[in-house]
Amino acid sequence: MARHETGQGITRATAIARKRWFDSTPVGREGVTERYVVFGEARRWLVDQMDLQRSTDVLDIGSGHGFLTYELASRTKSRITALDVLAGEQLEDSVRGARAAGVNERVSWIVGDGRTCPFRDSSFDAVVSFLALEDIHMIGGNDALEMVVQESCRLLKGGGTLLFADNMFPECARTEAQKLYWTIQSKEFHAGLPSKSVVLNLLRERGMTGLLEEEYDPKINLDEKEAKVELLDVADAKPFAKVIDFASLWKRYGERIILTGLAYPRVLSIIARK
Ligand SMILES: C[S@@+](CC[C@H](N)C(=O)[O-])C[C@H]1O[C@@H](n2cnc3c(N)ncnc32)[C@H](O)[C@@H]1O
């Protein structure tokens, strides 16, 4: 049985969202979908770390296909503002997913840039972000990262909670197989983040307190066949519209992958209070 069907304690909304995603997966790519969606256990872990039951308004920065948004909406009573810089197909699909899952009435989908958010100061009880810092950094570098951290602090109410989680900090890669994954993502796709200390220092400079770090190991190890499908998928996505020739990519890394394997780095979450 696939792992996505076995996740314990998943909400009905999450189950529906996952099923929709799987039903639209092209044949041969099931592994990639499985991994992205099973990362849902990490999303659930994140929501569990935050005491959101008293949070009325939550901002999800870089909401992407909406998987963290669904988790937030289905496991809390909060109003969720899902912000992403991309409109179009991804957004339309996120909204359809939220409707199918029955959580859309508590979600506002906003197309906007996390660097300059269209909201007043102190608008949210919580600001969260999962796997978005890597995209923000990939597109806009350290300046963009800094701006998003500053915006998040500005948007939080006093006493509010901030949570950033990503698996592309260099500290997330512990084993050789995780380090190889991080190296390929960083060198070939520019998806590596700077050290976590950059974010921690920015938060301290903004006066945030109670800084807490937690780690989650998704235990996703790829064999040679799955590693090929995974890398083909990332290369196909053409980050930065950059054409990446899979054959030469495999020539550079294939041998090392066969030797050490390839594994998803751990998710690092950083929590802070205003
Ligand atoms: C990997 S996806 C996020 C996944 C999502 N949080 C989840 O749980 O599945 C990263 C998202 O960040 C968005 N993004 C990149 N730069 C952004 C920015 N400056 N402001 C807002 N969103 C941004 C991208 O469009 C993309 O949809």
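Below is a short write-up of the structure. (Residues numbered from 1 in each chain as written. Predicted model: local features only at pLDDT ≥ 70, side-chain atom pairs only at ≥ 80, totals over all residues. Heavy atoms only, no water.)

## Some details on the pairing of strand β4 (residues 124–130)
Every regular strand shows the same layout, with side chains that alternate between the two sheet faces.
And step 1. The element β4 is extensively covered by neighbouring structure, given that seven of its seven residues are classed as buried.
And step 2. Two elements, strand β1 (residues 57–61) and β4, share three bridges in a ladder whose sense is parallel. Among the inter-strand pairings, Val58 is bridged to a residue of β4, identified as Ala126.
And step 3. Where β4 meets strand β5 (residues 156–166), six bridges bridge the pair, whose relative direction is parallel. (Buried < 20%, exposed > 50% of the residue type's maximum accessible area, 1.4 Å probe, protein only. Helix = DSSP H or I, 4+ residues; strand = E, 2+ residues; numbered from the N terminus. Pairing = 2+ DSSP bridges.)

## A few points about the layout of surface pockets
And step 1. Its volume calculated, the second largest pocket comes out at about 170 Å³.
And step 2. With five residues, the single largest contributor to the lining of the second largest pocket is β5.
And step 3. Broken down by class, the residue content of the lining of the second largest pocket amounts to one nonpolar, five polar and five charged. (1 Å grid on protein atoms, 1.4 Å probe; cavity = no way out; pocket = protein on both sides within 12 Å on 5 of 7 lines; lining within 4 Å. Points joined across faces, edges and corners; volume = space filled by probe spheres on them. Nonpolar A, V, L, I, M, F, W, Y, C, P; charged D, E, K, R; others polar.)

## Digging into the packing of aromatic side chains
And step 1. Scanning the entire structure with this criterion turns up five aromatic pairs.
And step 2. Relative to Tyr70, the ring of Phe67 lies with its centre 5.8 Å away and its plane at 70°, an arrangement referred to as edge-to-face. In this pair, Phe67 and Tyr70 both sit in helix α4 (residues 67–75), three residues apart, roughly one turn of the helix.
And step 3. Given a relative accessible area of 7%, Phe67 falls into the buried group.
And step 4. We classify Tyr70 as buried; its relative accessible area is 3%.
And step 5. Ring plane angle 50° and centroid distance 5.1 Å describe the contact between Tyr181 and Tyr264, whose orientation is recorded as tilted. Of this pair, Tyr181 sits in helix α7 (residues 176–189) while Tyr264 sits in the loop between β8 (262–263) and β9 (267–273), and the two are 83 residues apart along the sequence.
And step 6. On the accessibility criterion, Tyr181 (7% relative accessible area) is buried. (Phe/Tyr/Trp six-rings, centres within 6.5 Å; stacked < 30°, edge-to-face > 60°.)

## Description of the site of the ligand
And step 1. Around the ligand, 20 residues are found, and the nearest of them are Tyr36, Arg43, Asp84, Gly114 and Phe130.
And step 2. Arg43 places a polar side-chain atom, nitrogen or oxygen, 2.8 Å from an oxygen atom of the ligand.
And step 3. Contact between the ligand and Gly114: a nitrogen atom at 2.8 Å from a main-chain N or O atom of the residue.
And step 4. Considering the ligand on its own, with 600 Å² of exposed area, one finds that the protein chains cover 92% of that surface.
And step 5. Put simply, the parts of the chain that give the shell around the ligand at least two residues each are α4 and α6 (133–155).
And step 6. If you tally residues by element for the shell around the ligand, the top one is α6, at three residues.
And step 7. Within the shell around the ligand, the residues separate by chemical class into ten nonpolar, six polar and four charged. (Near = heavy atom within 4 Å. Polar contact = N/O pair within 3.5 Å; in protein donor to acceptor, adjacent residues only side chain to side chain. Areas by Shrake-Rupley, 256 points an atom, 1.4 Å probe, with all protein chains shown as cover.)

## As for the sheet that holds strand β6 (residues 209–216)
And step 1. With mixed pairing, the seven strands of this open sheet are ordered in space as β3-β2-β1-β4-β5-β9-β6. Of all strands in the sheet, those with a lone pairing partner are β3 (107–111) and β6, marking the two edges. Across this sheet, the average inter-strand angle for adjacent strands is 15°, counted without regard to direction.
And step 2. Two strands pair when backbone bridges link them, and β5 and β9 are joined in this way by six bridges, in the antiparallel orientation. Considered in β9, the bridge of Asp166 is made with Leu268.
And step 3. Set on the sheet, helix α8 (residues 196–205) makes contact with β5, β6 and β9; between it and β9 the angle comes to about 5°. (Axes fitted to C-alpha atoms, helices over the stretch in contact; angles between N-to-C directions. Contact = heavy atoms within 4.5 Å.)

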